[in-house]
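Examination of the molecular architecture
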Amino acid sequence: MTKSVFILAGDGIGPEIIAEARRVLDYVIATTGEVITVTDGLVGGASYDVHGEPLTDATLDQAIAANAVLFGAIGGPKWDGKTDYDKRPEQGLLNLRQGLNAFANLRSAVCFPAMADASSLKREFIEGLDILFVRELMGGVYFGQPRGIDTLADGSRVGYNTQRYTDWEIERVARVAFEMARKRDNRVTSVEKANVMESGVLWREVVTALQASDYPDVALDHMYADNCAMQLVKQPKQFDVILTDNLFGDLLSDAAAMLTGSLGMLPSASLSGDGPGLYEPIHGSAPDIAGKGIANPIATVLSLAMAFRYSLGMKDMAERIENAVSTVLKNGIRTGDIMDEGCTKVNTRGMGDAILAELEKN
Ligand code: NAD
């Protein structure tokens, strides 16, 4: 069966890091006999410059028609404050997520053994860390209505947003978390603030009922978001899958990301029920180093690995890529952002070469 990957490299370091993931993808196509069609499109500032839009309808249609969308990064000073607000490059990514109905954001916080000393925590707390965040991405306070900034009768101004979740929005993302847990250590920690928020009360009720009816084999516990923040820096290895909403997931997954070292290492996936998955590094377009060829491509290569696992039905290939990255790190090959004493410093291309060389050995 033909599979398809749609690549949106974007801006800044996007094209540089995507080029290395593309080499890995080409290697897989050339060596496995899998038929995977690969096409490219424009997004973000790159699309704005050509079309006056950060994401055109035609590009979104191409993304919807693919099995997986591999995304680099968008934005940069060239466009900051120079476009209408709804045409800024970052809007391209928001529109893409919305257009793909990508409601479940998966971010793993994995600590490669060779990187344990780069963490702000002691090695024993972090070595072997493997958390998967499943964050609701299409609802909650970032999208809830009413929202706005109003002027009251007494002349004072009020800014407000609405945290709002329907039961079906909670259930569909909880289902993803339980399914993921079954492929891992079979444990889900559901995180909200049911102690002070009604949306949290409903969240807890829906997740509890779904576990009882459909996933009795998966262990479920509940944790308040503030406690979860503390536990992440105290005993992060206690977690397997963390299920949470859009706002708490944004904060908690960033905190967990930094436990593992560099931004340049961390992949993510955004999944809808049956449509294509969107795969992207968690970092931005890094304008400070763009064009220098020194960006770390690992997060993008690992995003491609997630695409093999979740959208292309090639779990073994995902593992091979992840193992190749782990070995490269163990061998002391480093880009500048993760450089350490006694290691060998390489540029973006050099990291791609090292990962490909490891893949060829296995
Ligand atoms: P950033 O993630 O781009 O950069 C933060 C710091 O991390 C910089 O010093 C950068 O050099 C470094 N860094 C990031 N990725 C790296 C990599 N792969 N290798 C080595 N170093 C890396 O965040 P920022 O500086 O806040 O934002 C820059 C631009 O990116 C802005 O326009 C912002 O809107 C955009 N942005 C885009 C996305 C996205 O495309 N998903 C996400 C966040 C920010």
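Residues numbered from 1 in each chain as written. Predicted model: local features only at pLDDT ≥ 70, side-chain atom pairs only at ≥ 80, totals over all residues. Heavy atoms only, no water.

Thoughts on the overall build of the protein chain
Secondary structure summary: the protein chain contains twelve helices and 14 strands in total. Computed over the C-alpha atoms, the radius of gyration of the protein chain is 21 Å, within 12% of the 21 Å expected from 2.2 N^0.38 for a compact globule of 362 residues. Over its C-alpha atoms, taken along the principal directions, the protein chain stretches across nearly 60 × 50 × 45 Å. Within the protein chain, the proportion of its 362 residues that are buried is 52%. (Helix = DSSP H or I, 4+ residues; strand = E, 2+ residues; numbered from the N terminus. Rg over C-alpha atoms; globule rule 2.2 N^0.38 Å. Buried < 20%, exposed > 50% of the residue type's maximum accessible area, 1.4 Å probe, protein only.)

Examining the layout of surface pockets
One number sums up the size of the largest pocket: a volume of about 720 Å³. Lining of the largest pocket is provided by 31 residues; of these, Leu93, Leu94, Arg97, Arg135 and Asp250 occupy positions nearest its centre. Every element with two or more residues in the lining of the largest pocket is listed here: β3 (68-73), α4 (89-99), β4 (104-110), α9 (246-259), β11 (267-271) and β12 (277-281). Take the lining of the largest pocket: its biggest share by element is seven residues, from α4. Looking at the lining of the largest pocket residue by residue, the classes come out as 13 nonpolar, ten polar and eight charged. The residues that make up the lining of the largest pocket include at least three from each of domain 1 (1-103 + 272-362) and domain 2 (109-261). Of the volumes computed, that of the second largest pocket is approximately 580 Å³. Contributing to the lining of the second largest pocket are 24 residues, with Val110, Asp130, Arg184, Arg309 and Glu322 lying nearest its centre. Of the residues forming the lining of the second largest pocket, the biggest block, five residues, is contributed by helix α11 (residues 315-330). A per-class count over the lining of the second largest pocket returns twelve nonpolar, five polar and seven charged. Counting only domains with at least three residues in the lining of the second largest pocket, you end up with domain 1 (1-103 + 272-362) and domain 2 (109-261). (1 Å grid on protein atoms, 1.4 Å probe; cavity = no way out; pocket = protein on both sides within 12 Å on 5 of 7 lines; lining within 4 Å. Points joined across faces, edges and corners; volume = space filled by probe spheres on them. Nonpolar A, V, L, I, M, F, W, Y, C, P; charged D, E, K, R; others polar. Domains from an automatic or database assignment.)

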